[in-house]
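Given next are the chains, with one letter for each unit.
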Amino acid sequence: MSARKKVQAFVRVKPTDDFAHEMIRYGDDDKTIDIHLKKDTRRGVVNNQQTDWSFKLDGVLHDASQDLVYETVAKDVVSQALNGYNGTIMCYGQTGAGKTYTMTGTTANYQHRGILPRALQQGETNRIIASHTMNKNSSRSHCIFTIYVEAHSRTLSDEKYITSKINLVDLAGSERLGKSGSEGRVLKEATYINKSLSFLEQAIIALGDQKRDHIPFRQCKLTHALKDSLGGNCNMVLVTNIYGEAAQLEETLSSLRFASRMKLVTTEPAVNEKYDAERMVKNLEKELALLKQELAIHDSLANRSLVNYDPMDEIQIAEINSQVRRYLEGTLDEIDIINLRQIQEVFNQFRVVLSQQEQEVESALRRKYTLIDKNDFAAISAVQKAGLMDADGHLVGEPDGQGFGLGVAPFSTKPGKKPKSRKTFKEQFSSSARKEGASSPVSGKDVDISPSKTLLTPLSKDGDVKDMLLRDRETSNIETLPSDSPKEELRPPRPSTPPPKPVAFEDFKNERGSEINRIFKENKSILNERRKRASETTQRINAIKKEMDMTKEALNFQKSLREKQGEYEKKGLIIIDEEEFLLILKLKDLKKQYRTEYQDLRDLRAEIQYCQHLVDQCRHRLLTEFDIWYNESFFIPEDMQVALKPGSSIRPGLVPVSRIVSLGEDDQDKFSQLQQTMLPKSPDSISFYNAKVKTEQKHSYLKTMRSFQQARRK
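Keep in mind that what you see is a predicted model, and the values were worked out from it rather than measured. (Residues numbered from 1 in each chain as written. Predicted model: local features only at pLDDT ≥ 70, side-chain atom pairs only at ≥ 80, totals over all residues. Heavy atoms only, no water.)

Okay, the sheet that holds strand 4 (residues 32-36) next. With antiparallel pairing, 3 strands are arranged side by side in an open sheet as 3-4-5. Of all the strands in the sheet, just strand 3 (24-26) and strand 5 (52-56) have a single pairing partner and so form its edges. Within this sheet the neighbouring strands show an average axis-to-axis angle of 20°, counted without direction. The pairing of strand 4 with strand 5 spans 5 bridges and is classified as antiparallel. The residue of strand 5 that forms the bridge with T32 is K56. (Pairing = 2+ DSSP bridges. Helix = DSSP H or I, 4+ residues; strand = E, 2+ residues; numbered from the N terminus. Axes fitted to C-alpha atoms, helices over the stretch in contact; angles between N-to-C directions.)

This brings us to the packing of helix 5 (residues 185-208) against helix 7 (residues 249-263). Helix-helix packing: each pair is described by the crossing angle between the helix axes and the interaxial distance. Between helix 5 and helix 7, whose axes approach to 8 Å, the crossing angle comes to 40°. Where helix 5 crosses over helix 7, the two elements pack in a sense that is left-handed. Together, L200, E201, I204 and I205 of helix 5 and F258, R261 and M262 of helix 7 make up the contact between the two elements. Classifying every residue of the contact of helix 5 with helix 7 by side-chain character gives 5 nonpolar, no polar and 2 charged. (Left-handed = near helix turned anticlockwise from the far one by under 90°. Contact = heavy atoms within 4.5 Å. Nonpolar A, V, L, I, M, F, W, Y, C, P; charged D, E, K, R; others polar.)

This part takes up the pattern of salt bridges. Applying the stated criterion across every chain, the model contains 20 salt bridges. A salt bridge links R533 to E529; the shortest N-O distance between them is 3.8 Å. Here R533 pairs with E529, and both are found in helix 15 (residues 514-565), just 4 residues apart, close to one helical turn. Of the residues examined, R533 reaches a relative accessible area of 38% and is grouped as partly exposed. The residue E607 makes a salt bridge to R530 at a minimum N-O spacing of 2.5 Å. Remark: R530 occurs in helix 15 and E607 occurs in helix 16 (residues 578-634); sequence separation between them is 77 residues. For E607, a relative accessible area of 35% gives the class partly exposed. Connected through salt bridges with shared partners, the residues E529, R530, R533 and E607 form a single ionic network. (Salt bridge = Lys/Arg side-chain N within 4 Å of Asp/Glu carboxyl O. Buried < 20%, exposed > 50% of the residue type's maximum accessible area, 1.4 Å probe, protein only.)

Further remarks concern the pairing of strand 2 (residues 8-13). Burial runs high along strand 2: 5 of the 6 residues are buried. Sheet analysis places strand 2 next to strand 12 (residues 235-242), joined by 6 bridges and oriented parallel. Directly across from V13, in strand 12, lies its bridge partner I242. As judged from the 4 bridges shared by strand 2 and strand 6 (residues 59-62), these two strands associate in the parallel manner.

Turning our eyes to something else, we now look at the packing of helix 15 against helix 16. Remark: helix 15 packs on helix 16, axes separated minimally by 7 Å, with the N-to-C direction vectors making an angle of 160°. Regarding the angle of helix 15 to helix 16, the classification is roughly antiparallel. The hand of the helix 15/helix 16 crossing is left-handed. Among the residues making up the contact of helix 15 with helix 16, the classes are represented as 25 nonpolar, 8 polar and 19 charged. (Parallel < 35°, antiparallel > 145°, perpendicular 65-115°, else oblique.)

Given below as structure tokens:
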């Protein structure tokens, strides 16, 4: 019933002794009515007046009883209303054609009751009637009687129920004012009635035109009240009441045209389902209690009798917080899992503890450093005047591209002076945290400071912060790849010329990269095996497909042969021979095999894609390790090899080769050599070369920090 359907239109002819048989004729299907008019001879010889009309409706009710009218028009609408569909029955026609009789009937005879007996009779007491030439008791108003239906299940306690409404509409007469002979107040009423009927017809014409976007429902109260019935969520039926006399033929044509236009209107009926909120809550409470009982039975069978599924209170949350803290400190080996609510709360407490630790770290930094916002120009100007910031706005030790600095180097650490014994930034922070009694599990571990929009200026000038940062970055927890080479006791002498890379690569695969090479070969072997299986599966699928095509051709041949020889049926079933039956079974088995093999092929393709990813990873790692090994073995000076041994401050592959080679010459040595060579020739150039050395130191520091950051990201 969710599809669109057209409005049903019936015509009921009022019985009369003076029926115009020559002008009104009915079709044999009881759905067609033809109207014929004689030409008016007063219009002359050339007369193009239309004389014949034919109207195709859903039914013609002529000399029909009230029972037949109800069965034909209203029974389906009422029965569907009980199933949740809205319905509307409308009677239209001129005064005295039988609209009210069709809708309400008469109260004198029980057999003459209409579509809405007795119920509409109570509404008739508030309806104004008046007499005119066409009807002694003419209804001078439209009447809409609405029945609301609400259906609940008697056996099921379901919160869903259906509602519907039935609109029974008895319209006022649609005749012209000249025929009514009305005067005074009745004439004024007839004017308003005809005006509302004209608006109703305009709305119906607009609904029948699919190109129209706007429907004039608000022109009068009648069209606004029938908005849901006309073209909405409703089963609509129109009963057009007409006279069968020749004197009323013009009004009959007007009523039949209205019925034809109404048939063009489409509606989209749908079930009106609603939910009872109170009953829904009760059903959910019952279901919740039942589920708790089932969980209690399951827990008792699993020997878990102390499980509680109610929301946790503050005491239970505090206990979980204590367990999480003891677990992080190492005093608790594991946290027992009880139920899903407890697991969610454990994760929530992990988040709470992490947030508290971040606040503790921030407070510790605030106690040791002064925070300066980079957008606070007044504070930056004050720091520059104090000599803690250079002219470019950088603090010494500020990483390039980052948003914070770690202090200014004191004046006592200029080139040529030995700095005092210092602790690394990590050691200082760990010791200060222990002194402050911090119980955070990360107090003695590496601390990673996220970038911010602040500058950190130290409160103390003890120690070179630049050296502290370098040592901290060099010994930070960078993820190390497992080294496969054994400890070197005796290094062979380095050749004067580096060997070719292909030869060195073979040596690398046999020595230091043997483990990576072994994993690479195993993954490649698995990849080749999966590819071979996929190729074999593809061949089997092609063979099955070919056999399916041949079986289909043979089956089609058997069907065509059976059709030529004639088909035999038994109890409505077609009888086939044994050969065709075996072909059908064979085709069914082949289709099953095809689906199985195709699923296997899809699984193999997924495995091949994953294995290919592993092989590419191993190949990339093997080549990367080889480049590091090749550079360290044949390009780094031998006196720098000590720094690359395990346990030293420089991790193999961390610092570029060009940087390691340049570490042999200190900046102070360069400055001393520069003084010895340049000062005797040009003593006035010392300020220039001092500035140049300072700039080179800054650039070399920034390059070193960038290399450390890139290595950490890798």
